[in-house]
There are 2 protein chains.
Amino acid sequence: MTWYTDPIANDAPIISARVRLARNLKKYPFKQMMTGKEALMIIEETSGAVINDRTAIGVRFKSQDIKQLNETAKKMLIEKHIISHDLLKPELPVGLLLQDDENVSIMINEEDHIRMQTVSAGDNIAASWELANHIDDLIEESVEYAFDKDFGYLTSCPTNTGTGLRASYMIHLPMLEKTGKIKFLIPAINKFGIALRGLHGEGTEPMGSIYQISNQLTLGKSEQEIMQGLQNVTQNIIEKEKMICEKMLEKHRIDLENNVYRAYGILSFGKKISLAEAMNLLSEIRVGFYTGVLCQPKLNKNIYQVMIEIQNGHLQNRIGRKLGEEECEIYRADILREMFN
Amino acid sequence: MTWYTDPIANDAPIISARVRLARNLKKYPFKQMMTGKEALMIIEETSGAVINDRTAIGVRFKSQDIKQLNETAKKMLIEKHIISHDLLKPELPVGLLLQDDENVSIMINEEDHIRMQTVSAGDNIAASWELANHIDDLIEESVEYAFDKDFGYLTSCPTNTGTGLRASYMIHLPMLEKTGKIKFLIPAINKFGIALRGLHGEGTEPMGSIYQISNQLTLGKSEQEIMQGLQNVTQNIIEKEKMICEKMLEKHRIDLENNVYRAYGILSFGKKISLAEAMNLLSEIRVGFYTGVLCQPKLNKNIYQVMIEIQNGHLQNRIGRKLGEEECEIYRADILREMFN
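The following paragraphs examine the structure supplied in this document. (Residues numbered from 1 in each chain as written. Chains lettered and ligands numbered in written order. Predicted model: local features only at pLDDT ≥ 70, side-chain atom pairs only at ≥ 80, totals over all residues. Heavy atoms only, no water.)

## Here we look at the interface of chain A and chain B
Which entries qualify depends on this criterion: By the convention used here, residues are in contact when the closest approach between their heavy atoms is within 4.5 Å. Summed over both partners, the accessible surface that disappears when two parts come together, traced with a 1.4 Å probe, is what is meant by buried area. Identification of polar contacts relies on pairs of N or O atoms within 3.5 Å, with a donor-acceptor requirement for protein atoms, meaning one able to donate a hydrogen and the other able to accept it, and with residues adjacent in sequence counted only if both atoms are side-chain atoms. The secondary structure listing takes helices from DSSP runs of H or I that are at least 4 residues long and strands from runs of E that are at least 2 residues long, numbered from the N terminus.
The interface is formed by 17 residues belonging to chain A together with 17 residues belonging to chain B. Taking both partners together, chain A and chain B bury about 1700 Å²; carbon and sulfur atoms supply 64% of that area. Taken as a group, Arg262, Phe269 and Lys271 of chain A account for 38% of the area that chain A buries against chain B, more than any other trio of residues on that side. Where chain A touches chain B, the interface holds 10 residue pairs in polar contact (both at pLDDT 80 or more). Of all elements in the fold, only α7 (253–269) and α11 (325–340) of chain A reach the threshold of two or more residues within the side of chain A that touches chain B.

Below, the structure is given as structure tokens:
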């Protein structure tokens, strides 16, 4: 099951747990120095290591030829957080290996030779780690990684050297955002080597009050320590979020209800809606669900899945053609009305 | 039937037609000079002239003792446009005569000895005039008006001298307002001796895009000429309003629908709403009804009646006690949800 189709993720601040490992093959130079031919060989070797009929997981992977994809398909991969923008503007050949449920993806020749990512619904970072570790081992059966006994895994950019691990949660923080407290949290948690960013990573604005929280340091700590540190800081943030939420329910319940139900009304009846507004209204619906202010049965869907499905690429895919911005706003409202009625 | 309970008024820009006549009794000084004793005698004589068992209309009037009314009842009279704020802060005794359906009201010792007002639903100014004229005649059977053969009816403020007539329409102009064109119309029609003002008269902000349009000149023209002039200018404004509306339907139908349906969604689900916002959303609903974008059957009610019923005095009357501003916002939303669901 693709992680974001699980409605369980509506019930808590943490939407998903993600692990990313950066790896490089020993016998090839880092991206900055490699040739097109070498890039192709890296793709071939990595694909060969992952896709194979001998392992239960190997049969689940397919190679995607990024160059062959149309604009809509590319957009959808970005919207699903499967690939980065960098993979779409390559100077050298790139590759993408995708597990059938899309919970595991491997970018080849992005910043590093290999960037593998595993995602699971909810806060189960251990599950994501286990899966990533398994695939990492699988690949290492066929190739030799660039590894230094003192530094650990060597990477194209030194900020990833060591474990090559970035563990992250996607987390919904509407109360911390609304009260403006999140601004003060960001520098505070930076001191622990943890970063809090908008939905689409570095330099992006948060949408729908959804944030990514992840480790910054990859060196000098074990993977377990990195994940534990992330969990501790995240738990602390969640407690703050919940405290504000409880206070709201106690002292300003009517305002919270008002926001949730107005969002419900607009999503149920609007005829045109921008992505940013829709994300914010869906954020209110999510608040409604986990506070119990709004009943869930009618919309038995992961709100984050809805957030993905109303993005422009997904809309274009559904309609079957490229859409202008206004058309997107209209189709987005159509889909939302249908869902909420 | 009280004029604003007629749902027919949803279908056109003109909500109501109103006639006000200013009259003074010859044997008493104008308000500025009169004594408390004289004020009481004016109340007695006017009441005696109107309330009587001999005429079909006379039996329908009752005298209201403003001093005996509580704050809520006073607020309701203002909200229904039956009395002015001035009547509530009198230096001398004042009176109010009210027809059973509230379509006719007579303020005594407001700015003039007598200020009678008749209102009818829709654009039927002739009906309002006929009724006012009839009551005017009825009063004149018992009292002698201050009248000058050259100037006409004499009034406390010279701006009303002559006919003492103010004819007005209450008119819904959402498109002229939204496009900002109304700002240019106001000075333009002033040149014809016609004023366009917000819902509650001079110096008030328009709410729900509802305006009052009325003659400014009372002297040198017959009543028929005054009403004809008002009708001509109003017709012209309505044509402009309709033209913008048709253009919207033709070129931006989806935006018009979006506004109407979002308003419907918020009114159907909101838990708290200010008067100004509710008025603006109801204005959108009214646009929905008369453009046919929204079906009317569900809410078989005059939108203007709803606009009256959600004002603070009416809310307090319904709940049976004085309400704080937040309570008003909550009860207002309750009433609206009930109506729209």
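## Description of the sheet that holds strand β5 (residues 114–121) of chain A
All names here are of chain A. Applicable threshold: In this scheme, strands are said to pair when DSSP sees at least two bridges between them. Every axis in this analysis is a line fitted to C-alpha atoms, fitted for helices over the stretch in contact. Angles between the N-to-C directions lie between 0 and 180 degrees.
Taken together, eight strands build an open sheet; the order of strands is β2-β3-β4-β5-β1-β8-β10-β9 and the sheet is antiparallel. Looking along the sheet, the strands with just one partner apiece sit at the ends: β2 (61–64) and β9 (194–198). Put simply, the sheet's adjacent strands are angled 20° from each other on average, direction ignored. The pairing of strand β3 (residues 95–99) with strand β4 (residues 104–108) spans four bridges and is classified as antiparallel. Residue pairing in the sheet places Leu97 in a bridge with Ile106 of β4. In the packing of helix α5 (residues 182–190) onto the sheet, contacts are made with β9 and β10 (210–215), and the angle to β9 comes to roughly 145°. Against the sheet, helix α8 (residues 275–291) engages β1 (14–23) and β8 (165–172), with an angle of about 80° to β8.

## Side note on empty space enclosed by the protein
For the record, the criterion: The rule is simple: put a 1 Å grid over the protein atoms alone, call a set of points where a 1.4 Å probe fits but cannot get out a cavity, call an open set with protein on both sides within 12 Å along at least five of seven lines a pocket, and count a residue as lining if it has an atom within 4 Å of a point. Grid points are joined across faces, edges and corners, and a volume is the space filled by probe spheres set on the points. Residues are grouped as follows: Ala, Val, Leu, Ile, Met, Phe, Trp, Tyr, Cys and Pro are nonpolar; Asp, Glu, Lys and Arg are charged; all remaining types, including Gly, are polar.
In total, this model carries two cavities of 30 Å³ or more according to the counting rule given. One number sums up the size of the largest cavity: a volume of about 60 Å³. If you trace the largest cavity, you find it lined by Phe192, Gly193, Ile194, Asn215, Gln216, Leu217, Lys221, Glu225, Ile226, Gly229 and Leu230 of chain B. Here the element with the most residues in the lining of the largest cavity is helix α6 (residues 223–251) of chain B; it accounts for four residues. Split into classes, the residues belonging to the lining of the largest cavity amount to five nonpolar, four polar and two charged. Taken together, Trp3, Tyr4, Arg18, Lys80, His81, Ile82, Glu102, Gln117 and Val119 of chain A form the lining of the second largest cavity. Across the lining of the second largest cavity, the residue classes tally to four nonpolar, two polar and three charged.

## What to know about the sheet that holds strand β5 (residues 114–121) of chain B
All names here are of chain B. Here eight strands make up an open sheet; going across it, the order is β2-β3-β4-β5-β1-β8-β10-β9 and the pairing antiparallel. A single partner strand is all that each edge strand has here, and the edge strands are β2 (61–64) and β9 (194–198). Each neighbouring strand pair of the sheet contributes to a mean axis angle of 20°, computed without reference to strand direction. Pairing of strand β4 (residues 104–108) with β5, which is carried by five bridges, proceeds in the antiparallel orientation. Looking across to β5, one finds that Met107 is bridged to Arg115.

## As for the packing of aromatic side chains
The condition is simple: Between the rings of Phe, Tyr and Trp (Trp by its six-membered ring), a pair exists once the centres lie within 6.5 Å; its type follows the angle of the planes, with under 30 degrees stacked, over 60 edge-to-face, and the other angles tilted. We call a residue buried when its accessible area falls under 20% of the maximum for its residue type, exposed when it is over 50%, and partly exposed in between, using a 1.4 Å probe and counting protein chains only. The criterion is that NZ of a Lys, or CZ of an Arg, lies within 6 Å of the ring centre and within 35 degrees of the ring normal, and then a charge sits over that ring.
Counted according to the given criterion, the structure contains 13 aromatic pairs over all chains. Their ring planes at 80° and their centres at 5.6 Å tell us that Tyr264 of chain B and Phe340 of chain B sit as a pair that is edge-to-face. One end of the pair, Tyr264 of chain B, is in helix α7 (residues 253–269); the other, Phe340 of chain B, is in helix α11 (residues 325–340), with 76 residues separating them in the sequence. The same class applies to Tyr264 of chain B as to Phe340 of chain B, namely buried. Here a set of aromatic residues connected by ring pairs shows up, and it is made of Tyr264, Phe269 and Phe340 of chain A together with Tyr264, Phe269 and Phe340 of chain B. Here the basic side chain of Arg23 of chain A rests over the ring of Tyr145 of chain A, its NZ or CZ set 5.7 Å away from the ring centre. Just above the ring of Tyr153 of chain B sits the side chain of Arg23 of chain B; from NZ or CZ to the centre is 3.5 Å.

## Some points on the relation of the copies chain A and chain B
Applicable threshold: A residue counts toward the fit only if its pLDDT is at least 70 in both copies, and the copies are then superposed by least squares on the C-alpha atoms of those residues.
If you rotate chain A by 180° and push it 0.0 Å along the axis, it lands on chain B with an RMSD of 0.0 Å. Read as a symmetry element, the transformation amounts to a two-fold axis. When C-alpha distances to the rotation axis are compared across chain A, the minimum falls at Gly265 of chain A, with a value of 2.0 Å. Counting the interface residues of chain A, we find that 100% of their copies in chain B are interface residues as well, pointing to one common contact surface.

## Side note on the packing of helix α2 (residues 71–79) of chain A against helix α10 (residues 312–319) of chain A
Residues and elements named next belong to chain A. As a reminder, the rule being used: Oblique is the label for any angle not under 35 degrees, not over 145, and not in the 65 to 115 range, which are roughly parallel, roughly antiparallel and roughly perpendicular in turn. Left-handed describes a crossing in which the near helix is turned anticlockwise from the far one by less than a right angle; the clockwise case is right-handed.
In the contact formed by α2 and α10, the axes pass within 7 Å of each other and the chain directions differ by 135°. When the axis of α2 is compared with that of α10, the two are oblique. Of the two possible hands of crossing, α2 and α10 adopt the one that is left-handed. Between α2 and α10, the contacting residues are Thr72, Lys75, Met76 and Glu79 on the first element and Asn312, Gly313, His314, Gln316 and Asn317 on the second. A per-class count over the contact of α2 with α10 returns one nonpolar, six polar and two charged.

## Quick word on the packing of α7 of chain B against helix α8 (residues 275–291) of chain B
A pair of packed helices can be characterised by two numbers: the angle between their axes and the separation between those axes. Residues and elements named next belong to chain B. Interaxial distance between α7 and α8 falls to 8 Å at its minimum, and their mutual angle equals 125°. Between α7 and α8, the angle is such that the two are oblique. Taken as a pair, α7 and α8 cross one another with a handedness that is left-handed. Each of Leu256, Asn259, Val260, Ala263, Tyr264, Ile266 and Leu267 in α7 lies in contact with α8, whose residues at this interface are Glu277, Leu281, Leu282, Glu284, Ile285, Val287, Gly288 and Thr291. Residues that form the contact of α7 with α8 fall into these classes: 10 nonpolar, three polar and two charged.

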